[in-house]
Amino acid sequence: MKRMLLVILILAALAISGCTENQDKPEKSVEDLKALSLSAADNLTSYSLKSTISNIRTLNERGENATAENATIIKESAETTAIVNLAGKQAHARGSTTIEVENRGSERNTTTNEADLYQMGNSTYIRDNGNWTHLQDPMTAEEIWKDGRNNQIKSMAETFNLSQAELAGSENINGTDAYKLRIINGAAESDSLYETAFSMAANLVSYPMFMPSVNRTELNETGRMEKTIWISKNTYIPVKYESKTSFKMTPIIIGGLDMNTSQMTMFNKSIELGTVEVSMESSDMYYDFDKPGTIAPPTEALEAVIVRPVSIQPEGSLPAE
């Protein structure tokens, strides 16, 4: 009986010891995670990623015509997968973009484009619409790849390091237990929101043919920005980043290009356009860290004529006289 009791006590002690050894690491502070994620990202040799982007714009008419039936909806979406071998100075990305324009009362117009890209040292091979182009950078591979210039995870960690953030719990991301952190918006995000809105307005009015203006007050009142980052609890490498932005703006045209003088002329009275509602979402997933895959451009890409950006002349061709 005493021996049996001794065995039970030993087993109990081992069980308690095992629980102690396997319990989670102590929780890290936001500042700890900033430093640890930056160090972990800086030491990466390779990674893979999947990125998705969605952009929906609703263009409304003015005044009484501003009804749902008269609105034009433009939907843009993109999906990209990539393998990046930082140590080998190689990368392969494949993606597709879809643009869908819908006008009530008319047929929906959809355009899809696919692209394939290889970055091998200082050479870039791009397939667009079935044709391969070989661009060769005048800089060396070492110059192009130095300081982690193609390390997207490092760039994200650096941005996170400079941002204010707060812990928002934990989540499992593709089998990885991760800290969830919410980025706190500041003045930089407000400026970024304005730049995004102005860029859209400029595209809408065909700048530089016309000069748009965007009301910051309207943007600040309607704008919503959410940015979230997930950091692995085991390696401290960022494993996911997500951004959501929405706002409304009512652009006005304040000037136009004078074709006689090639100068922008301000109008005596601005022209108000309809309200534009914008919703944007993006998500980046990172995985397969330090597991470089095989990256080899197809024969058709390697046989493409070399174009050097300095001269914009195909290899072997003579400049026009």
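Residues numbered from 1 in each chain as written. Predicted model: local features only at pLDDT ≥ 70, side-chain atom pairs only at ≥ 80, totals over all residues. Heavy atoms only, no water.

1. Looking at the packing of aromatic side chains
Point 1. For the structure shown, the criterion picks out 3 aromatic pairs.
Point 2. Where Tyr118 meets Trp132, the ring centres are 6.0 Å apart and the plane angle is 40°; that geometry is what we call tilted. On the criterion of sequence distance, the pair formed by Tyr118 in strand β4 (residues 109-120) and Trp132 in strand β6 (residues 131-136) is long-range, its members being 14 residues apart.
Point 3. A residue is classified by how much of its surface remains accessible, and Tyr118, at 7% relative accessible area, is buried.
Point 4. Given the relative accessible area of 17%, Trp132 is considered buried. (Phe/Tyr/Trp six-rings, centres within 6.5 Å; stacked < 30°, edge-to-face > 60°. Helix = DSSP H or I, 4+ residues; strand = E, 2+ residues; numbered from the N terminus. Buried < 20%, exposed > 50% of the residue type's maximum accessible area, 1.4 Å probe, protein only.)

2. Concerning the side chain of Glu100
Point 1. Residue placement: Glu100 occurs in strand β3 (residues 90-103).
Point 2. The class of Glu100 is buried, set by a relative accessible area of 17%.
Point 3. Leaving out residues up to four positions away in the same chain, Glu100 has contacts with Ile73, Ile74, Lys75, Arg108, Asn109 and Thr110. (Contact = heavy atoms within 4.5 Å.)

3. Here we look at the pattern of salt bridges
Point 1. The tally for this structure, following the rule as stated, stands at 12 salt bridges.
Point 2. Lys233 is paired through a salt bridge with Glu27; the nearest N and O atoms lie 3.7 Å apart. Separated by 206 residues along the polypeptide, Lys233 in the loop between β10 (224-232) and β11 (238-249) and Glu27 in the loop between α1 (2-22) and α2 (30-42) bring together distant segments of the chain.
Point 3. Lys233 sits in the buried class, given a relative accessible area of 16%.
Point 4. With relative accessibility at 52%, the residue Glu27 sits in the exposed group.
Point 5. In this structure, Lys34 and Glu31 form a salt bridge, with 3.4 Å as the shortest nitrogen-oxygen distance. Of this pair, Lys34 and Glu31 both sit in helix α2, 3 residues apart, which is roughly one turn of that helix. (Salt bridge = Lys/Arg side-chain N within 4 Å of Asp/Glu carboxyl O.)

4. Structural notes on a nonpolar patch on the surface
Point 1. Side chains of Met209, Phe210, Met259, Phe267 and Ile271 sit close together on the surface and give an oily, nonpolar patch of about 450 Å² of accessible area.
Point 2. You can see Ile271 is positioned in strand β13 (residues 263-272). (Patch = residues over 30% accessible without salt bridge, like charges linked within 9 Å, V, L, I, M, F, W, Y side chains within 5 Å. Areas by Shrake-Rupley, 256 points an atom, 1.4 Å probe, with all protein chains shown as cover.)

5. Here we look at helix α4 (residues 152-161)
Residue pairs three or four apart in sequence face the same way in an α-helix, which turns once every 3.6 residues.
Point 1. All of the buried residues in α4 are Ile153, Lys154, Met156, Ala157 and Phe160. Each buried residue of α4 lies within a common arc of 160° when the element is viewed along its axis, so the set occupies one face.
Point 2. Near the N-terminus of α4, the side chain that reaches the backbone nitrogen of Ile153, with its oxygen 3.2 Å away, is that of Asn151. (Arc of directions from axis to C-beta. Polar contact = N/O pair within 3.5 Å; in protein donor to acceptor, adjacent residues only side chain to side chain.)

6. Regarding α2
Point 1. Look at α2: 18 Å from first C-alpha to last across 13 residues, which is about the 18 Å you get at 1.5 Å a residue.
Point 2. On its buried side, α2 packs onto α4, β7 (164-173), β8 (176-184), β10 and β11. (Expected span 1.5 Å × (residues − 1).)

7. Quick word on the confidence of the model for the protein chain
Point 1. Of the residues in the protein chain, 88% have a pLDDT of 70 or more, and the chain-wide mean is 87.
Point 2. Throughout residues 1-23 the model reports pLDDT below 50, and contacts reaching past four residues in sequence, or to other chains, amount to 0 contacts.
Point 3. Contacts from residues 311-321, a stretch scored under 50 in pLDDT, to residues over four places away or in other chains number 11 contacts. (pLDDT = per-residue confidence, 0-100.)

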